[in-house]
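As a plain string of letters, each chain reads:
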Amino acid sequence: MKMTMHIDEDVLARVMKITGAKTKTQAVEMALTEMARRHKMKELFSQGLGLTPDELRAEFAPSPADLLDSHGLMVAEAQAPHGKPRPARQ
């Protein structure tokens, strides 16, 4: 569907850089998809998945070793361009 939108160019450029999107349309689609994914995850986690908050934390909290990158810095997860598999953890 074709649309006309007013989008902050600086924000769009950042999204394109972060995601590796080659076009503005691709960057907007990735951002919208990610926002929908986050909302769905929030809904699922609010239901508790049948676990107590402590059990959920224990299941999904990464170990400290999983949070260190090759420079010993804390990271949430390895970055990869959108649509490409993330590098395997060692």
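Conventions used here
- Residues numbered from 1 in each chain as written.
- Predicted model: local features only at pLDDT ≥ 70, side-chain atom pairs only at ≥ 80, totals over all residues.
- Heavy atoms only, no water.
- Helix = DSSP H or I, 4+ residues; strand = E, 2+ residues; numbered from the N terminus.
- Buried < 20%, exposed > 50% of the residue type's maximum accessible area, 1.4 Å probe, protein only.
- Contact = heavy atoms within 4.5 Å.
- Expected span 1.5 Å × (residues − 1).
- Core = buried A, V, L, I, M, F, W, Y, C linked by side-chain atoms within 4.5 Å.
- Patch = residues over 30% accessible without salt bridge, like charges linked within 9 Å, V, L, I, M, F, W, Y side chains within 5 Å.
- Areas by Shrake-Rupley, 256 points an atom, 1.4 Å probe, with all protein chains shown as cover.
- Salt bridge = Lys/Arg side-chain N within 4 Å of Asp/Glu carboxyl O.

K.L.:
What is the right way to look at the overall build of the protein chain in this model?
P.N.:
Along the protein chain, the regular secondary structure elements total three helices and zero strands. Sequence-ordered secondary structure for the protein chain, helices as α and strands as β, is α-α-α. Out of the 90 residues belonging to the protein chain, those deemed buried represent 11%. Within the protein chain, contacts between residues at least 6 apart in sequence are counted, and of these 8% link residues at least 24 apart.

K.L.:
Is there a simple way to think about helix α2 (residues 24–46) in this case?
P.N.:
Quick reminder: α-helices carry 3.6 residues per turn. Residues three or four places apart thus point the same way. Here α2 contains 23 residues, and its C-alpha end-to-end distance of 33 Å stays within 8% of the 33 Å for a straight helix at 1.5 Å per residue. Within α2, burial applies to Ala27, Val28 and Met30. Those residues of α2 hidden inside the fold are in contact with α1 (9–19).

K.L.:
How should the nonpolar core be read in this particular structure?
P.N.:
Looking at soluble globular proteins, one finds that nonpolar side chains tend to be buried together. Membership of the largest hydrophobic core is limited to five residues, which are Leu12, Ala21, Ala27, Val28 and Met30. With three residues, the single largest contributor to this core is α2. Discounting residues that sit within four places of it in the chain, Ala21 has contacts with Met16, Gln26, Ala27 and Met30.

K.L.:
I keep staring at a nonpolar patch on the surface and nothing clicks. Help me out?
P.N.:
Side chains of Met1, Met3, Met5 and Ile7 sit close together on the surface and give an oily, nonpolar patch of about 500 Å² of accessible area. Turning to its location among the elements, Ile7 is positioned in the segment before α1. We classify Ile7 as partly exposed; its relative accessible area is 35%.

K.L.:
So what exactly am I meant to see when it comes to the pattern of salt bridges here?
P.N.:
Oppositely charged side chains can form a pair if their charged atoms are brought close together. All told, the structure shown has three salt bridges when counted by the stated rule. Residues Glu9 and Lys24 are paired through a salt bridge, measuring 3.6 Å at the closest nitrogen-oxygen approach. Of this pair, Glu9 sits in helix α1 while Lys24 sits in helix α2, and the two are 15 residues apart along the sequence. For Lys24, a relative accessible area of 46% gives the class partly exposed. Glu34 serves as the salt-bridge partner of Arg38, at 2.9 Å between the closest nitrogen and oxygen. In this pair, Arg38 and Glu34 are both assigned in helix α2, four residues apart and thus about one turn of the helix distant. Judged by its relative accessible area of 53%, Arg38 falls in the exposed class. Each of Glu34, Arg37 and Arg38 takes part in one network of salt bridges that share partners.

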